Amino acid sequence: MLRNPATEPLVERHGRASATAAIRRVLEGLRREILAGGEPKVTEEAVIQVASKLLAGYGIRRVVNATGVILHTNLGRSTLSQRAVEAVTEAATGYSNLEYDLASGRRGSRYDHAVPLLRELTGAEDALVVNNCASATLLALAAVVGEPGGEVIVSRGQLIEIGGGFRIPEVLALSGARLHEVGTTNRTRLSDYERAVDENTRAILWVHQSNFETVGFSESVGVRELSSLGLPVIADVGSGALVPLDREPTVQHAVRNGAVLTTFSGDKLLGGPQAGIAVGESRWISAMRQHPLARAVRADKLCLATLEATLIAYLEGTAREELPTLQMIHAPAKEMEEKARKLADELSRATDLEVDVASSVARSGGGTLPTYEIPSFAVRIGGTDAEDLAKQLREAEVPVVGRVQEGRLWLDVRTLLPGDETNIVKAVEALGG
Ligand SMILES: *Cc1c(COP(=O)(O)O)cnc(C)c1O
């Protein structure tokens, strides 16, 4: 059956074994239906169609992000630079000095990689890379608090939820720390922290609100003032901005202002792989490395290789041009307009539906810069049911994900990567076919 030309696209896209398994499952279903007295319509086409649907749920597939949300968490956040792709290929296809010291010929440490780069870029004494920022924050708290029951002071305005179950009070509890909340949702002053300090206090946690902002009658205390209290301050800055961008706090800012540990993500504004990075004082980084949890959340070689390649771009001053995330954030609106017009022209030739260009608002996404609007342009497709059109494009050979707005499908061009236009045109050409 798999030699049949009709099944070739299935085999090509999903591999022979998966395609065979899917078709077998469809046939078994049909047999059961027939045995139960049913009369299903058994055509080759129908079998292949059902098998395709089954396979659509298999594995990670490339999709076109036309949402205008750059760090789209559901679509994989940052994409990697060419240099990072080369580094990961090398690390993946060969042996490496992951835990081997080439100078001495003895065992080395995976924790040593990326450290010189992170020191140089952030001004911190030492650094540690783990699986993601959630684990970096958990490990930082566990290491600083030490014995269970030690207290960590946090402002009520910073007891946040990032999404996906990451909630500061719960992470604190998991680390073994006791949460000592101070202040109110909108206002917390230095005196609130001062009053809370006692012999059980082990640290102060400062958290970047990330995915929301407090505006109006509000007050909060910065890392510098908190550090003046003489207790270790852990700053969870989250987004990992190494270059200033709107109101996003940079990593260097937290380090300079005295945080003993600063934790951030590798795949948000840093524009690299999923990773959690802690930078800070050697004493506390060592405590994190030696903590039993460190092994459970350690980064793998693919992550370390891509992170190093990403960091080198910052060091060389080419991050804005080299890292797709930063490129997308900074590309001029004028360029987006040209891109949208070109795509609209191609789509007009591919379909009878109404196609036009409109100005649009893109976002950085991923729980960063919640109120930051990036001027952009979108191609709008109308003249049909927009939800239905959106669904059909999601089911294309390379799925296209846009957004439905004002009864039309909007394809924001700011988040398109090279080659995506061709995939969009193909998907639109295949509509209803
Ligand atoms: C995003 C974020 C995290 C979680 O980062 P992941 O890399 O997704 O685990 C933790 N803290 C803050 C403040 C964040 O913004």
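Residues numbered from 1 in each chain as written. Predicted model: local features only at pLDDT ≥ 70, side-chain atom pairs only at ≥ 80, totals over all residues. Heavy atoms only, no water.

Novice: Break down the overall build of the protein chain for me, citing the residues and quoting the values.
Specialist: Per the secondary structure count, the protein chain includes 18 helices and 17 strands. Along the first, second and third principal axes, the C-alpha atoms of the protein chain reach 75 × 50 × 50 Å. Out of the 433 residues belonging to the protein chain, those deemed buried represent 47%. Considering only contacts in the protein chain between residues 6 or more positions apart, those separated by 24 or more positions represent 74%. Only carbon and sulfur atoms are counted for the fraction: they give 49% of the accessible area of the protein chain, which is about 21,300 Å². Positive and negative side-chain charges of the protein chain, numbering 47 and 56 respectively, have mean locations separated by a distance of 3 Å. (Helix = DSSP H or I, 4+ residues; strand = E, 2+ residues; numbered from the N terminus. Buried < 20%, exposed > 50% of the residue type's maximum accessible area, 1.4 Å probe, protein only. Contact = heavy atoms within 4.5 Å. Areas by Shrake-Rupley, 256 points an atom, 1.4 Å probe, with all protein chains shown as cover. Lys, Arg positive; Asp, Glu negative; His and termini not counted. Charge placed at Lys NZ, Arg CZ, Asp CG, Glu CD.)

Novice: Summarise the sheet that holds strand β17 (residues 408-412); cite the residues concerned and give the values.
Specialist: A sheet is described by the order of its strands in space; here four strands give the open sequence β13-β14-β17-β16, paired in antiparallel fashion. The two strands at the open ends of the sheet, each matched to only one other strand, are β13 (354-362) and β16 (403-405). The sheet shows a mean angle of 40 degrees between the axes of neighbouring strands, taken without regard to direction. Here β16 pairs with β17 via three bridges, running antiparallel. Residue pairing for β17: Q405 is matched across the bridge by R408. Against the sheet, helix α16 (residues 333-350) engages β13, β14 (374-382) and β17, with an angle of about 10 degrees to β14. (Pairing = 2+ DSSP bridges. Axes fitted to C-alpha atoms, helices over the stretch in contact; angles between N-to-C directions.)

Novice: If you had to explain the domain arrangement of the protein chain to someone new, which residues and values would you point to?
Specialist: Domain annotation of the protein chain identifies domain 1 (5-56), domain 2 (64-77 + 327-429) and domain 3 (82-322). Taking only C-alpha atoms into account, the centre of domain 1 sits 32 Å from that of domain 2. (Domains from an automatic or database assignment.)

Novice: Explain the packing of helix α5 (residues 115-122) against helix α13 (residues 301-315) residue by residue, including any values.
Specialist: Their axes nearest at 10 Å, the elements α5 and α13 cross at an angle of 35 degrees. For the element pair α5 and α13, the recorded crossing hand is left-handed. Listed contacts from α13 to L117, L118, E120 and L121 of α5 are E308, L311, I312, Y314 and L315. Split into classes, the residues belonging to the contact of α5 with α13 amount to seven nonpolar, no polar and two charged. (Left-handed = near helix turned anticlockwise from the far one by under 90°. Nonpolar A, V, L, I, M, F, W, Y, C, P; charged D, E, K, R; others polar.)

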